[in-house]
Amino acid sequence: MERSSRREFLKSSATAACSAAISGASAELLAAVPPSAAADTPGPAKLAIKKGLVFSMLPPALSVSDRFKLARDSGFEVVQAPTEPDEQKAEATKKAADAAGVRIDSVMNMDHWRFPLSSSDPAVVAKSQAGVRTSLQNAKLWGADSVLLVPAVVNAQTSYRDAWTRSESEIRKLLPLAEELKIVIAIEEVWNKFLLSPLEMAKYIGEFQSQWIKAWFDVGNVMLYGYPHDWIHTLGKTIVNVHLKDFKRKEDGYAWVNLGDGDVDWDAVRGALAEIGYSGSAIVELPGGDAAYLRDVSRRVDRLLLGRC
């Protein structure tokens, strides 16, 4: 997700996430991992991954058209765009992307933090549902394949169990539209105190038994409580999109840093993605910057993930 509220939420949740204990029986979770999550494909190969970035990384002072052109000129093939409820603006976004030759391959749903599907308040849930439906319609208009969804938020008012059951119930109501539009709802793991292990995430996604519910994997998000390559191997073929960012542990906490400047083992990430045969997009999710900065980020993806010099 790209809003400042998310980054503040992540920062404030670090201590809680470190101390959170994952409940439930390990055997049950292991049994729930779908067969497709086991990587049977032979050794690492060259990755056929499309390089992208979140739209918010492009300078907001530029026009929408110029932002897409800058993405293209910086070496990015695809963009993840935020939900756009205004139909005219959504149409203009499509025209700008098409003119620049850049594909919008996914939509960043924008309302799931303010209005979580796991809320006990029907009015909040209704707003969340409406936001996801708008995101799905945006995806169809833009020719995107998926919508990123944070499915639930665990907090003092919402227990882990309630977050699981409520969000599953609400997402099932969205499935008919996803199926009709042929858009995948991609569940992201993030510091929302929910789906804290790859086994849980695989079980949660598997319970839908739908090709339209898959995983959005974020390399940096799991660094606080796991290892990216382990998550990739466990989630396997359920992964349809990937976010790229780096995470640096410090004596006084942690920091989000540029790709290659943190503790992510990029060789292990690249190897794991190759082993599961991943061929989707890799979307950089970092703070924005100017053209020189974006070109540098693009080269870092080439070097660290795609194996290009």
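Notes on the structure follow.

### Examining the pairing of strand S5 (residues 184–188)
For S5, the tally of buried residues reaches five of five residues, placing the bulk of the element in the interior. With burial as the criterion, each face of S5 is covered, one bearing Val184, Ala186 and Glu188 and the other bearing Ile185 and Ile187. Bridging between S5 and strand S6 (residues 213–218) involves four bridges; their strand directions are parallel. Each residue of the ladder has a partner; that of Ala186, found in S6, is Lys214. Crossover S5 to S6 through helix H7 (residues 198–206) is right-handed.

### Focus: the sheet that holds strand S4 (residues 146–149)
With parallel pairing, eight strands are arranged side by side around a closed barrel as S1-S2-S3-S4-S5-S6-S7-S10. In this sheet, adjacent strand axes meet at a mean angle of 30° when their direction is disregarded. Judged from the four bridges that link them, strand S1 (residues 50–54) and strand S10 (residues 281–284) form a sheet pairing that is parallel. Looking at S10, one finds that Leu53 is bridged to Val284. Sheet contacts for helix H8 (residues 228–235): S6 and strand S7 (239–244); angle to S6, the most-contacted strand, approximately 165°.

### Examining helix H10 (residues 291–306)
Given a rise of 1.5 Å per residue, 16 residues ought to cover 22 Å, and the 21 Å separating the end C-alpha atoms of H10 matches this to within 8%. Within H10 the residues assigned to the buried category are Leu294, Val297, Ser298, Arg300, Val301, Asp302, Leu304, Leu305 and Leu306. Next to the buried residues of H10 lie S1, helix H3 (64–73), S7, helix H9 (266–275) and S10. Directly beyond the C-terminal end of H10, a positive phi value near 70° is found at Gly307.

### Considering the nonpolar core
Judged by nonpolar contacts, the single largest core of 96 residues is most densely connected at Ile187, Leu244, Leu273, Val284 and Leu305. If one sorts the elements of this core by residue count, helix H6 (residues 160–181) sits on top with eight residues. Aside from chain neighbours lying at most four places away, what touches Leu244 is Val219, Leu259, Trp266, Ala282, Ile283, Val284, Glu285, Val301 and Leu305.

### Considering helix H4 (residues 87–100)
Taking 1.5 Å per residue as the helical rise, H4 with its 14 residues ought to reach 20 Å, and the 20 Å between its terminal C-alpha atoms agrees with that figure. By the burial criterion, the buried members of H4 are Ala90, Thr93, Ala96, Ala97 and Ala100. Along the axis of H4, the buried residues cluster in a sector spanning 125°; they form a single face. Exposed side of H4, more than 90 degrees from the buried face: Glu87, Gln88, Lys95 and Ala99 are the residues found there. Its side-chain oxygen 2.9 Å from the backbone nitrogen of Gln88, Asp86 forms the N-cap of H4. With its phi angle positive at about 75°, Gly101 sits one or two positions after the end of H4.

### Some thoughts on the environment of Val150
Summarising the element assignment, Val150 is placed in the loop between S4 and H6. The exposure class assigned to Val150 is buried, which follows from its relative accessible area of 1%.

### Points about the packing of H4 against helix H5 (residues 122–142)
With their axes 10 Å apart at the nearest point, H4 and H5 run at an angle of 35° to one another. Crossing handedness for the pair H4 and H5: right-handed. Between H4, through Ala90, Glu91, Thr93 and Lys94, and H5, the contact on the second element is made entirely by Asn138, Leu141 and Trp142.

### Description of the pattern of salt bridges
What the rule picks out here adds up to 16 salt bridges. A salt bridge links Arg114 to Asp111, with the nearest nitrogen and oxygen atoms 2.9 Å apart. A relative accessible area of 55% places Arg114 in the exposed class. Put simply, Lys173 and Glu170 hold a salt bridge, and the shortest N to O gap is 3.1 Å. With a gap of three residues between them, Lys173 and Glu170 both fall in helix H6, about one helical turn apart. With relative accessibility at 13%, the residue Glu170 sits in the buried group. If you follow the salt bridges from partner to partner, you end up with Lys51, Asp302 and Arg308 in one network.

Parameters and conventions
- Residues numbered from 1 in each chain as written.
- Predicted model: local features only at pLDDT ≥ 70, side-chain atom pairs only at ≥ 80, totals over all residues.
- Heavy atoms only, no water.
- Buried < 20%, exposed > 50% of the residue type's maximum accessible area, 1.4 Å probe, protein only.
- Helix = DSSP H or I, 4+ residues; strand = E, 2+ residues; numbered from the N terminus.
- Pairing = 2+ DSSP bridges.
- Right-handed = clockwise from strand over helix to strand, strands pointing away.
- Axes fitted to C-alpha atoms, helices over the stretch in contact; angles between N-to-C directions.
- Contact = heavy atoms within 4.5 Å.
- Expected span 1.5 Å × (residues − 1).
- Core = buried A, V, L, I, M, F, W, Y, C linked by side-chain atoms within 4.5 Å.
- Arc of directions from axis to C-beta.
- Polar contact = N/O pair within 3.5 Å; in protein donor to acceptor, adjacent residues only side chain to side chain.
- Left-handed = near helix turned anticlockwise from the far one by under 90°.
- Salt bridge = Lys/Arg side-chain N within 4 Å of Asp/Glu carboxyl O.

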